[in-house]
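Breakdown of the fold
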Amino acid sequence: MADREWKGLVTYAYILLYIALSSGQIFFNKWVLSSKEINFPYPLGLTLLHMVFSSVLCFTLTKVLKIMKVEEGMTLEIYSTSVVPIGAMFAMTLWLGNTAYLYISVAFAQMLKAIMPVAVFILGVAAGLELMSCRMLLIMSVISFGVLVASYGELNINWIGVVYQMGGVIGEALRLIFMEILVKRKGLKLNPISVMYYVSPCSALCLFLPWIFLERPKMEANRTWNFQPLVLTLNSLCTFALNLSVFLVISHTSALTIRVAGVVKDWVVVLLSALLFADTKLTIINLFGYGIAIAGVAAYNNHKLKKEARVTSEDPQNPDSIPPAASSTSNR
């Protein structure tokens, strides 16, 4: 009995760690990009730093220290047709999502992210991975309506920020679709550390090329930014720790738990951002619309989990493999 209680406490600790790291990383990124002390409004450069840091750390942990294992089975054909698109979409998601923080509040960005299931479902239908049904159409309508209401209640809406955030949502939806294709059609099962090991270098390269042309000239022309190695290293380390916390929650619980924890985290971010940032002004319409959207997201998650459980009962999968829809930590 004591052993069961201890395991329960450890599981709750992992869940709280995930919520704390995910929420903290969002606030940390917002602070780094907006802080007058650091004056580093370069989301592309910040995201590039994250991916380079993740690539080096993954290599060190798996190949040098050999603390963690990279799943075998990766081929050049799979890497070029699956991992490269996943890495490109992951880079796009983080870049555009972090850029949105320069124009809109953290709370409003989080509300817009609730539209993610709609983008995933529409793209899934187009890719032949999802089937249109009256139930799913209703769920998608509820989510879309909730996001529209939340947007209507936004006092200081900036359409540039909305476009960046929605671009990030589309990038993340495409990443999840490519992940599902990688698992379902290519038959490759990867744990999160393996995904990070293969995807991070590709994402870093995809970010490096636009950084050279878009942000590097600005950074060289405007040298008023205060590069603080300790702060940026901690920021990158938090990003890596967040991905590992997802692995811990999934490996000790289930996809349902990470989804429920994600919903709790979203509300924590929305409410805390109103206390931490001056640019966040929540209204009753904001919260009402977001509540509707979250109800739709909960219905969508329930539908997906029942579908996954049915598929798993017919064809049991490796418990260490990461569910594609549960692997999302974009925008942190």
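Residues numbered from 1 in each chain as written. Predicted model: local features only at pLDDT ≥ 70, side-chain atom pairs only at ≥ 80, totals over all residues. Heavy atoms only, no water.

**Focus: the confidence of the model for the chain**
- Taken over all residues, the pLDDT of the chain has a mean of 84, while the share at 70 or more is 87%.
- Ranking the elements of the chain by mean pLDDT puts helix α11 (residues 255–276) last, at 80, and helix α2 (residues 43–64) first, at 93. (pLDDT = per-residue confidence, 0-100. Helix = DSSP H or I, 4+ residues; strand = E, 2+ residues; numbered from the N terminus.)

**Notes on the packing of α2 against helix α3 (residues 76–100)**
- Interhelical geometry of α2 versus α3 gives an angle of 135° and a closest axis separation of 8 Å. When the interaxial angle is binned, α2 and α3 end up oblique. For the element pair α2 and α3, the recorded crossing hand is right-handed. On the side of α2, the interface is formed by P43, L44, T47 and M51, while α3 contributes F90, L94, W95, N98 and T99. (Axes fitted to C-alpha atoms, helices over the stretch in contact; angles between N-to-C directions. Parallel < 35°, antiparallel > 145°, perpendicular 65-115°, else oblique. Left-handed = near helix turned anticlockwise from the far one by under 90°. Contact = heavy atoms within 4.5 Å.)

**Considerations on helix α5 (residues 116–126)**
- Listing the buried residues of α5 in full gives M116, P117, V118, A119, V120, F121 and G124.
- One or two steps after α5, the chain reaches G128, where phi turns positive at roughly 80°. (Buried < 20%, exposed > 50% of the residue type's maximum accessible area, 1.4 Å probe, protein only.)

**Brief notes about the pattern of salt bridges**
- Within this structure, the stated rule accounts for three salt bridges.
- E172 is the partner of R175 in a salt bridge, and the nearest nitrogen-oxygen pair spans 2.9 Å. Separated by three residues within a single helix, R175 and E172 lie in helix α7 (residues 159–184), roughly one turn from each other. Residues R175 and E172 agree in their burial class; the two are buried. (Salt bridge = Lys/Arg side-chain N within 4 Å of Asp/Glu carboxyl O.)

**Quick notes on the packing of α3 against helix α8 (residues 192–214)**
- Interaxial distance between α3 and α8 falls to 8 Å at its minimum, and their mutual angle equals 55°. The angle between the axes of α3 and α8 places the two elements in the oblique class. The hand of the α3/α8 crossing is right-handed. Within the contact between the two elements, α3 uses Y79, V83, V84, I86, G87, A88, F90, A91 and W95 and α8 uses Y198, V199, C202, S203, C206, L207, P210 and L214.

**Quick word on the layout of surface pockets**
- Here the second largest pocket defines a volume of roughly 200 Å³.
- Lining the second largest pocket, in full, are P41, Y42, P43, L44, W95, T99, L102, Y103, Y164, L214, E215 and K218.
- Counting only elements with at least two residues in the lining of the second largest pocket, the list comes to α2 and α3.
- Across the lining of the second largest pocket, the residue classes tally to nine nonpolar, one polar and two charged. (1 Å grid on protein atoms, 1.4 Å probe; cavity = no way out; pocket = protein on both sides within 12 Å on 5 of 7 lines; lining within 4 Å. Points joined across faces, edges and corners; volume = space filled by probe spheres on them. Nonpolar A, V, L, I, M, F, W, Y, C, P; charged D, E, K, R; others polar.)

**A look at the side chain of S245**
- Along the chain, the position of S245 falls in helix α10 (residues 229–252).
- At 2.6 Å, the side chain of S245 forms a polar contact with the backbone oxygen of L242.
- Among all residues touching S245, those that are not within four sequence positions of it are L17, Y18 and L21. (Polar contact = N/O pair within 3.5 Å; in protein donor to acceptor, adjacent residues only side chain to side chain.)

**Side note on the side chain of T47**
- Along the chain, T47 falls in helix α2.
- When near neighbours in sequence (up to four residues on either side) are disregarded, T47 contacts L94, W95, N98 and L207.

**A few points about the nonpolar core**
- F40, M140 and I143 are the most contacted members of the largest nonpolar core, which has 79 residues in total.
- Top contributing element to this core by residue count: α8, with nine residues.
- The contacts of I143, once residues within four sequence positions are left out, are A114, I115, P117, V118, A293, G296, V297 and Y300. (Core = buried A, V, L, I, M, F, W, Y, C linked by side-chain atoms within 4.5 Å.)

**So, the packing of aromatic side chains**
- Applying the stated rule across the entire model yields seven aromatic pairs.
- A ring pair is formed by F28 and W31, whose centres lie 6.3 Å apart and whose planes are at 40°; its orientation type is tilted. Of the two residues, F28 and W31 both sit in helix α1 (residues 2–34), three residues apart, roughly one turn of that helix.
- Accessibility expressed as a relative area gives 37% for W31, which makes it partly exposed. (Phe/Tyr/Trp six-rings, centres within 6.5 Å; stacked < 30°, edge-to-face > 60°.)

**Section: the environment of T60**
- Note on placement: T60 falls in helix α2.
- When its relative accessible area of 26% is taken as the criterion, T60 is described as partly exposed.
- In this structure, T60 is in contact with L65 and K66, ignoring residues within four places of it in sequence.

**Some thoughts on the environment of W267**
- Locating W267 in the fold gives a position in helix α11.
- Put simply, W267 and L287 are 20 residues apart on the chain and 9.7 Å apart in space, counted from C-alpha to C-alpha.
- For W267, the residues in contact, after removing those within four places along its chain, are L287, Y290, G291 and I294.

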